[in-house]
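Each chain, letter by letter, is given below.
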Amino acid sequence: MSRRYLYLLSALVIMAVIASCAPVPTAPAPEAPAAAPASAEQPAAEGAPVTLTWGFWGSPEEKASHERVAEEYMKTHPNVKFEYFFAPWDEYFTTLKTRWAGDPASIPDVLFLWPTPSYAATGVLENLQPYIEKSGYDLSDYWPYLLDSARYEGSVYGLPRDIEAHALYYNKKLFDEAGLAYPTDDWTWDDLVAAAEKLTKRDGDRVTQYALGMEGGKWALWVGQAGGIMLDDLTNPSKCTLDTPEAMKGLQFFYDLMDKGYAMRSATLGQQGGDAAVFETGQVAMIIQNSSRVPVFNANSNLDYDVAAVPVMAGGKRYDFNGGAAWVISARSDNKEAAWEFLSWLQSKGGGESMYTRNGEIFPALRSVANSDDFLASPKPANRKAFLLAAEAAQPGGFAYFPEWDELSGSIIGPQLDRLWAGEATPAEVVPELCKAVNQFLVNNGYPK
Amino acid sequence: MEHEGPKGVKDTKHETREVRGREGISTGPSRLRASRASAPSALRDPEPRNPAYERRLRWYRWQRRYEGYFFLAPNITGFLLFTAFPVIASLALSMFRWDLLTPPVYVGAAQFRELLFTDPQFARVALNTFYFTFGTVPLRVILSLALALALNQGLRGTTAYRVVYFMPVVTSLVAAALVFQWIFNGNFGILNTFLRNLGDLFGLRISPPDWLNSTRWSMPAVMILNLWKNVGFTMVIYLAGLQAVPQELYEAAEVDGGGAWAKFRHITLPMVSPTTFFVVIMSLIWAFQVFEEAYIMTKGGPAFATTTLVYYIYLNAFRWSRMGKAAALAWLLFAVIFIFTFFQVRMQRRWVHYEAERE
Amino acid sequence: MLQPGRIALHVVLIAGGFFMLAPLLWMLSTSLKEPGDIFIYPPQWIPDPVVWQNYLKTVSIMPFGRFYFNSVVQAAGVTVLQLLTSSLAAFAFARLRFRGRDLLFLLYLGTMMIPFPVTMIPNFIVVRLLGWIDTFKALILPPAFSAFSTFLLRQYFLSLPIELDDAAYVDGASSFRIWWQILLPLTGPAVATLAIFTFLGQWNNFLWPLIVTNSEHMRTLPVGLAAFQGQYRVEWHLLMAGSVIALVPVLAIYIIGQKWFVRGITLTGMGGR
């Protein structure tokens, strides 16, 4: 064995040692000891000791944020302890479904889930309606229509944490360079196109700076603004309605934005690290996205940006599609009462919802939180009320609420519309075929019921 | 050089190589082998009717018959529990409708009928899979054999080359796929920048494809990623296989005045054929089961252009709550791979040369 | 020795090598960038500034040491077990004669043709029934009995001359001794190859460890790294830094291990000729 390999080996060992001595992660270490004595001092806590398992997905930062929320709750509920069930977004559902299939008892008591109706239909979720009625929990504080995304057969099965309220983010520097006035809340499609023409820079046939970055999956925004919708009924559909003139108009508008080189194509957007990355690096001057980008952009001191309401079709109504993952309780939970108590705190002003909102992670599902300092106090972006406009106007339309929706969207609607966003076919070519396939799918699955 | 382990072993190796070498040249790679001694010499010429001998013989025969199972036992226990059982369970599942959340419902062969005749995506997905398989496997086998041969020549810097070509194998696929997304970017990606510059060099104005945005080019992009990632893997298998080719064969061929091509054609190729057999079968199995490249780099898109069978299985099983359908798909895939493998196994007598052919 | 053929070979190998390395260099470069610099155009190959902090951040954002340790234990455990059991089985398949041998071998081959997503749940159920969830047993034992390794080693055993066994049998050796003292030492290159493959496969194995572990202290490196790919955002710089760290040990093992494939060459005096 030559000396070189001994060096390599020892380098490995040293790396392992360094790695294991590295500072232990953020939240639990410093706070756990502080929390423990506090709970011990509480004389005779009201409830019996309970351990709640809490499941969610996300990045390490998001996980830390959930843990801070749990710690806050334990301050007032010293009898409750938490265990976490955590997986990255893509594999969260795979892991969860494997557990449901193979070991249902190990399903967490409280879960972050999407889409709620599909799961509710199988009976694995606790119907929250009785708890809501008993405790007088206020559903009217939710944005209009938002709870539709968490209802099944008339009962609420989940409490949505946030709402997809979109706004137009714009890079002030690029607008200044182009000599353009900043977007306003009453911009129309025509204003957007006019500005896009000036913001798009080309080198021969290649675009080097795009006006707009927007995920193809958000097409329902334009369709809805034009007065269209994808299915005649979102819970019990009988046919595809993307072939109506209204819906076609919305699709055509989005198609044209990409076709003319104003908007970055969907796949390109993904390859470039997503809309946040292309916006931060100035490859696009505007993006249309929900409020989840705010903390990211605020952390970038080189980026001077603001938001405005999403442009509306001239003569059309403001529209946004709603939706948002919801907190649910497992039907197999042994601690349903404690889980509900936690849930009703989590989804309340002054509770978890306020904490997430202050973090800038979410645009709250609760109107009282959105209209409070929890959301409005932050100075950047200055025009953050644009998100409120979107939430007010939010309606169903981005997602449907029957169990096979994921499959319909993933196997037919999404892939067919991909051809538009890839520029390989026009709406007039794609939509008739698409609607035929959707209708066939509905028949095969026994819709309308 | 290095310490070589037990002396005796090394000697044995040398000896057999020489023996085999001489033999190999005189008879060519053939199966002419001394038939295997059926019993230890001590037992072969016994005095008849010796009870001690009879006992030993019985023990010996018993041992010959059953020792195979003992050798298999450790592996097969785990194999049955963790591989065979789940595989059989999936066969059963293929006849149920199961959303993973509620108890399965028996539907029988209807599942397969539905899949084959009414599923709108099945044909597309199957075609994609074949396209991928036959687009990558031949290239993979040829490239990796060529690389292994090149790196077996004792070139200067061979070690460095070996490391460089193996590095993609070591890289995490997630990171690699994300980097390739960026490489394939139509506007800014380095691949297209490189292609454009190459075009300029020859005075051509080429406009390379927008790889991942195109239903036509996204699958070739996935293939390139797959080859990049895996050629090093099969190369190493070949490198190991090449070590079993006795050097003396080449020396003898040189004496006979054989050129490089003749040596490759008549010595190397037959002598690595068991490795080739292995590489071809495994590459086919892996290619038919390709999944992660598309899952990470293209999410199966655009417009299903890179959705392979196993990705489709994954989608059905875990996204769309159709575990039974997923299992049925898996068994259809099994049938396809099995046919190909069976064909390979049948054909191997024609081209695979085993030193130690039993029977 | 300057032969035109050799020079041409070098040129081809270097060109190919560049193609192989470029994505990795990009990974390395990305791992040292500020998030805002990753996607600027034209691409920046040399990071400016060079942010070594990314590595520190990657290591400190999760219990990296623990994940690293779990990964080493898992990958090493599977490798050792697999080499041992597979080489025994491969020996039986290649060298011994017993009833049902070919059928069993076909069964081994056949199971490789069923993709993982559909066997995962039954597999999970077995592990749960055994009560192994969240233990090293669940991480190590299910992947330790591989049909692939058995197949690879069988093929290699088949390429070794049968006279070796015959001579040993004549000398009265048992099959076990033939496996252990004669064939196994000769299998060096194949075993080394397989060890690397197995270690590598487990080192990057992601879905299974995620599914059979609950608690953070049982998680492995790939599971930790996957968290950098969020629902909305990929933390590219951290993901790449983590991937580079994860790549180093396996690469080191390969560099050490590749000595073994060269062994045969130097033995017969082919090297450098």
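Residues numbered from 1 in each chain as written. Chains lettered and ligands numbered in written order. Predicted model: local features only at pLDDT ≥ 70, side-chain atom pairs only at ≥ 80, totals over all residues.

Draft legend 1. Local environment of the overall build of chain A. Helices and strands together make up the secondary structure of chain A, namely 20 helices and 14 strands. Sequence separation of 24 or more characterises 76% of the internal contacts of chain A that already satisfy a separation of 6 or more. (Helix = DSSP H or I, 4+ residues; strand = E, 2+ residues; numbered from the N terminus. Contact = placed C-beta atoms within 7 Å.)

Draft legend 2. Molecular detail of the sheet that holds strand β3 (residues 110-113) of chain A. All names here are of chain A. If you trace the five strands from one edge of the open sheet to the other, you get β2-β1-β3-β13-β6, paired in mixed fashion. On the outer flanks of this sheet lie β2 (80-87) and β6 (158-160), each paired with one strand and no other. Strand-to-strand twist across the sheet, computed as the mean angle between neighbouring axes with direction ignored, equals 25 degrees. Sheet analysis places strand β1 (residues 50-57) next to β3, joined by two bridges and oriented parallel. Directly across from G55, in β3, lies its bridge partner L111. (Pairing = 2+ DSSP bridges. Axes fitted to C-alpha atoms, helices over the stretch in contact; angles between N-to-C directions.)

Draft legend 3. Spotlight on the packing of helix α6 (residues 158-170) of chain B against helix α9 (residues 218-242) of chain B. Residues and elements named next belong to chain B. Interhelical geometry of α6 versus α9 gives an angle of 120 degrees and a closest axis separation of 7 Å. As the angle between them shows, α6 and α9 are arranged oblique. Both α6 and α9 take part in a crossing whose hand is left-handed. On α9, the residues that touch Y165, F166, P168 and V169 of α6 are W228, K229, N230, G232, F233, M235 and V236. (Parallel < 35°, antiparallel > 145°, perpendicular 65-115°, else oblique. Left-handed = near helix turned anticlockwise from the far one by under 90°.)

Draft legend 4. Expanded view of helix α10 (residues 188-203) of chain C. Given a rise of 1.5 Å per residue, 16 residues ought to cover 22 Å, and the 22 Å separating the end C-alpha atoms of α10(C) matches this to within 8%. Burial analysis of α10(C) places 14 of its 16 residues in the buried class, which makes it a mostly covered element. (Expected span 1.5 Å × (residues − 1). Buried ≥ 20, exposed ≤ 12 C-beta atoms within 10 Å, placed from the backbone.)

Draft legend 5. Examining the interface of chain C and chain B more closely. Between chain C and chain B, the residue contacts involve 89 residues of the former and 92 residues of the latter. A total of 14 residues in the side of chain C that touches chain B trace back to one element, the largest contributor, which is helix α13 (residues 236-267) of chain C. For the side of chain C that touches chain B, a count of residues per class yields 61 nonpolar, 22 polar and six charged. (Nonpolar A, V, L, I, M, F, W, Y, C, P; charged D, E, K, R; others polar.)

Draft legend 6. Focus on the domain arrangement of chain C. Residue and element names in this part refer to chain C. In terms of domains, chain C is made up of domain 1 (1-51) and domain 2 (58-267). Centre-to-centre, using C-alpha coordinates, domain 1 lies 31 Å away from domain 2. Listed by partner, the interface residues are seven residues for domain 1 and six residues for domain 2. When its residues are assigned to classes, the side of domain 1 that touches domain 2 shows four nonpolar, two polar and one charged. (Domains from an automatic or database assignment.)

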